[in-house]
Structures are given as structure tokens and as C-alpha cells.
Amino acid sequence: MSTEITTTFQNKYNANLQFLSQQMESRFRGSVDVEDCRGSEGARVVNQLGTVNPVKRTTRHADTPLVETPHDARWVYPEDYEIADLIDKQDVLRTIIEPSSKYARNQAMAMNRAIDDEIIQAFFSETTKTGKTGATTTDWTTYGSSVDATSGLTVEALRQTREKLRAAEVDMENDPMFIALTAKQETDLLTETQIVSLDYNEKPVLVDGRITSFMGFNFIHSERLPVDGSSKRRCPAWVKSGMCLGIWQDIAGQISQRDDKSYATQVYASTTIGATRVEEAKIVEIKVTE
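Scope of this entry: the structure provided in the associated data block. (Residues numbered from 1 in each chain as written. Predicted model: local features only at pLDDT ≥ 70, side-chain atom pairs only at ≥ 80, totals over all residues. Heavy atoms only, no water.)

Quick notes on the environment of Arg38
Thought 1: Topologically, Arg38 is positioned in the loop between β1 (33-36) and β2 (43-49).
Thought 2: Residues within four places of Arg38 in sequence aside, it is in contact with Ile247 and Trp248. (Helix = DSSP H or I, 4+ residues; strand = E, 2+ residues; numbered from the N terminus. Contact = heavy atoms within 4.5 Å.)

And the structure:
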């Protein structure tokens, strides 16, 4: 047999590009209010009215009491994200796959994670813009409330979190409630009898081994949550109206040829978004010791 036959062998490639393990969809977008902010450099996403108190009438024919209604507003400003990659014609000729669609999907996943990062940083932002023109800064440290979970995330920490929201007169019955947690905090809760036992719940808390909801909270898993200066995980608990995502341009992609790059195929994606905390009372920070 001729040894030259080996020259006819062809390199074989996997016909499917496989994505490495990664977060694919935005996990926070559905848990916050969303506003269309096109056509503005900065958007006032909510106008707020403060509380007023009535004046007790003590005499007949008294002057009409005038009580000024406090006004405030929350602003969001855009951040631009973009990503691109090139595929040379020669790269395609050497494979049996056409990778551009998979590149586009991979970039869309990256944009979804960017949306989550914008929302996550807004939970405890020290530079939330407020006031008539957005010139006032409202920081989390001064106005926010927190629960210190020194033994990991427990049912007791959830009780304290719910208590803070209730004490702030948050509409917990009509405003969906959420808690974001990492896999470590989920494991903490799985050791709690009140979570895993049907003796404490009218319906199962676990779905395929995952905690979906408990005590009125819907749980969102994310490995992108920050830690504070003491290495405590900052897990936000909030109601939907407490956060806002502003969208100037939703995720958009384009596949085109670049004549300046020897007619390589360029896969491009972009988005312009911003997020803000709407009201401190509607958010509780759970500081979890891991």
C-alpha cells in the first residue's frame, strides 16, 4: 500500500461550535422596571411625590392649611457597550462550519451579562442621581438599610429582610419581590429545614433542586454579585419598582464584510443602557459572610 495515501486524509472538525460554560441570558432584566430612553442624554425615569400629613382643625372658620408636597426624581444615564470579531475567508475554508452565527450569539450573551452588571452596580451605587435636574447625588451608605447574615444566608436573615421592607411600608402584596444570591448562598439555604421540608410549606420550594421562591421572595442566581471591603457578599433584596433599567438601544447585531480587512466577515454587537436605584426603602442589602 502506498504511503502517499495519507496525503488524502482530511482534518476533521467538530461540526458544532460549543459555547464554554457561561451565563447566557439576562437574569435581572425581568425583575426591574424598564424604560425607553431614546432621544435623551439622560432620562428622568420616575417622578416622585413625598408623604404629606394632614393638619388637625382646632377652630371654626380656620385658615385653609397649605401643605407643600415634596417632589423628587430619579435619573439614569447611558453606557455604551460594543464588541466585534473578524472571521477571515481562509478560516472558513479550513473548516466545515460557518461560525458567524455562533459568534453573534456569543456576543449577545456578553451583552446580556452587561445588562445584569449595570443593574447590579446600581443596587448599592454611591452616585445615584436625583433631583429636578439630576444634579443631586444620593448614596447608598447614608440612606440604605442592610441585614448582616454572619452565619451565611439563613431563613432568619430572610425574615429580617422582609421585616425591613414591611416596616418601610413597601407594597409587598402587589410589587414582586426578589433576592439575588450566588451558588454559595443557595447551598446555605438548602441546609435550612424550613426550606426543604414540606412540613413548613404548602407547596414545594425546590424545583429540580433549585430554590425558586420562599417567603414571598423570588430567587435569582448570579455569580456576578460584588463583595464589600470585609469580603461579605452583597446580596440585594428588592421589589420590582425599586429598580429601573433604561434602554437607549437594545441589543443589536450586524454581520458584514470588511473590505479594509481583506473582505473578512465582521460580527458586531452593541447596546446602550443604564440602570438606577429608584428608592432606597424598596431595597435591602443582605451582607453575607461566606
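From this point on, the discussion continues.
Digging into a nonpolar patch on the surface
Thought 1: There is a patch of nonpolar side chains on the surface, built from Val52, Val55 and Val67 and spanning about 240 Å² of accessible area.
Thought 2: Among the structural elements, Val67 can be located in the loop between β2 and β3 (71-76).
Thought 3: For Val67, a relative accessible area of 42% gives the class partly exposed. (Patch = residues over 30% accessible without salt bridge, like charges linked within 9 Å, V, L, I, M, F, W, Y side chains within 5 Å. Areas by Shrake-Rupley, 256 points an atom, 1.4 Å probe, with all protein chains shown as cover. Salt bridge = Lys/Arg side-chain N within 4 Å of Asp/Glu carboxyl O. Buried < 20%, exposed > 50% of the residue type's maximum accessible area, 1.4 Å probe, protein only.)

Here we look at the sheet that holds strand β4 (residues 79-87)
Remark on secondary structure: sheet strands pair via backbone hydrogen bonds, oriented parallel or antiparallel.
Thought 1: Read across the sheet, four strands follow the order β1-β14-β15-β4 without closing on themselves; strand pairing throughout is mixed. With partners counted over all chains shown, the strands left at the sheet margins are β1 and β4, one partner each. For this sheet the average axis-to-axis angle between neighbouring strands, irrespective of direction, equals 30°.
Thought 2: Where strand β14 (residues 243-258) and strand β15 (residues 264-277) come together, 13 bridges link them in antiparallel fashion. Looking across to β15, one finds that Gly253 is bridged to Ala269.
Thought 3: Strand contacts of helix α2 (residues 100-123): β4, β14 and β15, with the helix running at about 15° to β15, the strand carrying the most contacts. (Pairing = 2+ DSSP bridges. Axes fitted to C-alpha atoms, helices over the stretch in contact; angles between N-to-C directions.)

Side note on the state of the cysteines
Thought 1: Applying the stated rule across the entire model yields zero disulfides.
Thought 2: Not engaged in a disulfide, the cysteine Cys244 finds its nearest cysteine sulfur in Cys37; these two sulfurs lie 6.4 Å apart.
Thought 3: According to the relative accessible area criterion, Cys244 is buried, its value standing at 3%. (Disulfide = S-S within 2.5 Å.)

So, helix α5 (residues 183-190)
Thought 1: Within the sequence span of α5, burial applies to Gln185, Glu186, Asp188 and Leu189. The buried side chains of α5 occupy one side of the element, clustering within an arc of 155° when seen end-on. (Arc of directions from axis to C-beta.)

Focus on unusual backbone geometry
With the exception of glycine, the majority of residues adopt a negative phi angle, and the majority of peptide bonds are in the trans configuration.
Thought 1: Of note in the backbone geometry, Ser262 takes a positive phi value of approximately 55° without being a glycine.
Thought 2: Take Ser262: its relative accessible area is 58%, and that puts it in the exposed class.
Thought 3: Here Tyr263, not a glycine, exhibits a phi torsion of approximately 60°, which is positive.
Thought 4: If you trace the backbone, Tyr263 turns up in the loop between β14 and β15.
Thought 5: For Tyr263, a relative accessible area of 45% gives the class partly exposed.

Looking at the nonpolar core
Thought 1: Ranked by internal contacts, the top residues of the largest apolar core, which has 44 residues, are Phe28, Ile119, Phe219 and Trp238.
Thought 2: Not counting chain neighbours up to four residues away, the residues in contact with Ile119 comprise Phe28, Arg29, Val32, Met243, Leu245 and Ala275. (Core = buried A, V, L, I, M, F, W, Y, C linked by side-chain atoms within 4.5 Å.)

Brief notes about the sheet that holds strand β16 (residues 283-288)
Thought 1: With respect to topology, six strands assemble into an open sheet ordered β7-β16-β13-β8-β12-β11, the strand pairing being mixed. Strands at the two margins of the open sheet, each flanked by one partner only, are β7 (145-149) and β11 (213-214).
Thought 2: Pairing of strand β8 (residues 177-181) with strand β13 (residues 233-239), which is carried by three bridges, proceeds in the antiparallel orientation. Bridge pairing in β13 places Phe178 opposite Trp238.

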